Amino acid sequence: MSALAPIPPTLTWRGDAFGHLDLLDQTRLPHERVVLRLTDVDAVVEAIATLRVRGAPAIGVAAAFGLVLGVRALNPLPQALPAVARDVAMRLAAARPTAVNLRWALDQCLDALRREATLTALFRAAEQLWADEVATCDRIGAFGAPLVPDGGTVLTHCNAGRLATVGCGTALGVLFTAWNQGKRFRVLATETRPLLQGARLTALELAAAGIPVELCPDSAAAGLIASGAVQMAVVGADRIAANGDVANKVGTYSHALACFAHRVPFWVAAPRSTFDLRTRDGSQIPIEERDGTEVTQLGGVAVAAPGVAARNPAFDVTPARLLRGIITDGGLVEAPFEPAIKALFPAGR
Ligand code: MRU
């Protein structure tokens with residue numbers, strides 16, 4: 001049994017279409033459990049941009065409810081509702097550019113409004129999205145669990161767990177499911193500089209579930225992989241191009257290179273909502289560049305001399321050729337990736 005304080009849900013909507021969003025402030029983890037009560041769209045945009053809520057599926061669901069809050073406040077006439085909703089959606093979509101789930105979730109809600117231009121229809125679409133995301137995580141877990149090596153060590157980067165979704169997670173969903181099925185393994189979690197999602201969030205989630213986890217500096221991963229300490233890697237994704245190239249948290253690419261060089265299977269776990277078939281390959285994926293102070297400071301304390309500039313891309317692109325495969329809610333996708341990805345969307349996208 002773990003002695004850690006329970007982790008509140010990532011997001012909770014309270015009430016009907018006139019309710020509010022309770023959002024766990026992930027910037028305060030692992031030390032504090034602070035749940036924010038969000039009642040307007042500005043607060044949701046701020047929470048997404050500052051990573052109070054983060055992880056591709058979670059920001060999609062948060063944005064859907066942000067849209068409800070934003071449209072509700074403007075109280076437009078029915079005929080004006082779709083246009084008003086489009087404007088609010090554009091503000092939410094701009095909060096973070098790389099994770100395609102954000103835009104995808106908003107598009108689902110706008111589609112629902114085209115069928116019925118009412119606040120109730122918008123609210124129902126957001127609720128449906130939520131329920132679908134929970135089921136999606138369960139399916140990813142079920143498809144991925146058989147790949148987890150019993151008795152082995154699995155590397156993961158950043159956080160693709162409960163905190164990054166509204167379900168059991170994607171990459172961590174695979175691990176939680178395997179663990180619940182009785183497999184026993186260890187996890188090597190990379191700390192994930194500069195914002196430490198691995199140290200602050202992944203290690204917390206795994207420890208809370210009683211899964212043995214060791215943290216390592218990002219820079220230690222290649223050496224550990226080379227030494228035979230890792231039997232599988234599994235990470236999440238923010239956007240997957242039509243050819244299988246994957247944008248995920250910065251540092252993913254170097255872990256994938258090391259795994260490829262040392263023949264360790266490198267898997268990506270992601271819902272179909274993370275695929276962007278309009279993006280031909282990884283070079284077309286917009287990479288968010290965040291403020292340099294996230295690099296020059298650590299926990300608000302300067303670690304570089306005053307005036308030192310920094311580069312801070314939040315994501316990088318791992319070419320499909322380095323992947324063993326992609327675990328999706330529609331099954332496993334393996335090379336050749338392009339036709340396998342097409343087959344995931346028989347009705348097109
Ligand atoms: O900047 P973040 O913390 O939002 O980055 C999150 C990731 O890169 C995750 O791996 C990805 O969103 C998948 S979450 C299921």
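Our structure's up above, just so we're on the same page.
Conventions used here
Residues numbered from 1 in each chain as written. Predicted model: local features only at pLDDT ≥ 70, side-chain atom pairs only at ≥ 80, totals over all residues. Heavy atoms only, no water. Pairing = 2+ DSSP bridges. Helix = DSSP H or I, 4+ residues; strand = E, 2+ residues; numbered from the N terminus. Axes fitted to C-alpha atoms, helices over the stretch in contact; angles between N-to-C directions. Parallel < 35°, antiparallel > 145°, perpendicular 65-115°, else oblique. Left-handed = near helix turned anticlockwise from the far one by under 90°. Contact = heavy atoms within 4.5 Å. Nonpolar A, V, L, I, M, F, W, Y, C, P; charged D, E, K, R; others polar. Core = buried A, V, L, I, M, F, W, Y, C linked by side-chain atoms within 4.5 Å. Buried < 20%, exposed > 50% of the residue type's maximum accessible area, 1.4 Å probe, protein only. Near = heavy atom within 4 Å. Polar contact = N/O pair within 3.5 Å; in protein donor to acceptor, adjacent residues only side chain to side chain. Areas by Shrake-Rupley, 256 points an atom, 1.4 Å probe, with all protein chains shown as cover. 1 Å grid on protein atoms, 1.4 Å probe; cavity = no way out; pocket = protein on both sides within 12 Å on 5 of 7 lines; lining within 4 Å. Sits in = over half its atoms within 2 Å of the grid points. Salt bridge = Lys/Arg side-chain N within 4 Å of Asp/Glu carboxyl O. Expected span 1.5 Å × (residues − 1).

Observations concerning the sheet that holds strand E1 (residues 11-14)
Next, step 1: One open sheet accounts for 3 strands, arranged E1-E2-E3; its pairing is antiparallel. At either margin of the open sheet sits one strand with a lone partner, and together these are E1 and strand E3 (35-38). If you compare each strand with its neighbour and ignore which way they point, the axes differ by 20° on average.
Next, step 2: Here E1 runs beside strand E2 (residues 20-24); their pairing, made up of 4 bridges, is antiparallel. Looking at the pairing, tryptophan 13 lines up with leucine 21 of E2.

Here's the deal with the packing of helix H2 (residues 56-74) against helix H5 (residues 119-144)
Helix-helix packing is described using two parameters, namely the angle between the two axes and the distance between the axes.
Next, step 1: Orientation of H2 relative to H5, taken along the N-to-C sense of each, is 170°, at an axis distance of 10 Å. Classified by the angle between their axes, H2 and H5 sit roughly antiparallel to one another. Crossing angle aside, the handedness with which H2 passes H5 is left-handed. Every residue of H5 that contacts H2 at Pro57, Gly60, Val61, Ala64, Phe65, Leu67, Val68, Val71 and Arg72 is listed here: Leu119, Leu122, Phe123, Ala126, Glu127, Leu129, Trp130 and Glu133.
Next, step 2: Along the lines of polarity and charge, the residues of the contact of H2 with H5 split into 13 nonpolar, 1 polar and 3 charged.

Topic: the nonpolar core
Next, step 1: Ranked by size, the top nonpolar core spans 47 residues in total, and within it Leu11, Ile48, Val53, Leu67 and Leu92 carry the most contacts.
Next, step 2: Listed by contribution, the elements that provide at least two residues to this core are E1, E2, helix H1 (41-49), H2, helix H3 (81-93), helix H4 (100-115) and H5.
Next, step 3: Among the elements that make up this core, the one with the highest residue count is H2 (12 residues).
Next, step 4: Core analysis: the second largest hydrophobic core is formed by 28 residues, Ala233, Ala258, Val264 and Ile341 among them.

Let's talk about the site of the ligand
Next, step 1: In the region of the ligand, 19 residues are neighbours, and Arg54, Arg96, Asp238, Asn248 and Lys249 sit closest.
Next, step 2: The separation between an oxygen atom of the ligand and a polar side-chain atom of arginine 54 is 2.9 Å.
Next, step 3: Here an oxygen atom of the ligand and a backbone polar atom of alanine 56 are 2.9 Å apart.
Next, step 4: Contact with the protein chains hides 100% of the accessible area of the ligand, taken as 420 Å² for the molecule alone.
Next, step 5: Its atoms largely coinciding with the cavity grid, the ligand occupies the largest cavity.
Next, step 6: The set of elements that each furnish at least two residues to the shell around the ligand consists of H2 and strand E9 (246-249).

As for the pattern of salt bridges
Next, step 1: According to the stated counting rule, one finds 15 salt bridges in the structure shown.
Next, step 2: Across the pair aspartate 276 and arginine 103 runs a salt bridge, and its minimum N-O distance is 3.8 Å. On the criterion of sequence distance, the pair formed by aspartate 276 in strand E11 (residues 275-276) and arginine 103 in helix H4 is long-range, its members being 173 residues apart.
Next, step 3: For arginine 103, a relative accessible area of 33% puts it in the partly exposed group.

Some remarks on the environment of alanine 145
Next, step 1: One can find alanine 145 in the loop between H5 and strand E4 (153-156).
Next, step 2: On the basis of relative accessible area, alanine 145 is assigned to the buried category, the value being 0%.
Next, step 3: When the C-alpha atoms of alanine 145 and leucine 257 are compared, they prove to be 23 Å apart, with 112 residues separating the residues in sequence.
Next, step 4: Here alanine 145 is in contact with Val174, Thr177, Ala178, Gln181 and Lys183, once residues within four sequence places are set aside.

Here we look at H2
Next, step 1: Along its 19 residues, H2 runs 27 Å from first to last C-alpha, staying within 8% of the 27 Å computed at 1.5 Å per residue.
Next, step 2: Across the 19 residues that make up H2, a large majority, 17, are buried.
Next, step 3: Directly after H2, the chain includes asparagine 75, whose backbone phi takes a positive value near 45°.

Considering the sheet that holds strand E5 (residues 186-190)
Two strands in a sheet stick together by hydrogen bonds in their backbones, pointing the same way (parallel) or opposite ways (antiparallel).
Next, step 1: In spatial order, the strands read E6-E5-E4-E7-E10-E15-E16; together these 7 strands make up an open sheet with mixed pairing. At either margin of the open sheet sits one strand with a lone partner, and together these are strand E6 (213-216) and strand E16 (331-333). This sheet shows a mean twist of 25° between the axes of neighbouring strands, independent of strand direction.
Next, step 2: Taken together, the 2 bridges between E4 and strand E7 (residues 232-235) define a ladder with parallel strand orientation. Bridge pairing in E7 links leucine 155 to alanine 233.
Next, step 3: Docked against the sheet, helix H7 (residues 197-208) engages E4, E5 and E6, running at close to 170° with respect to E6.

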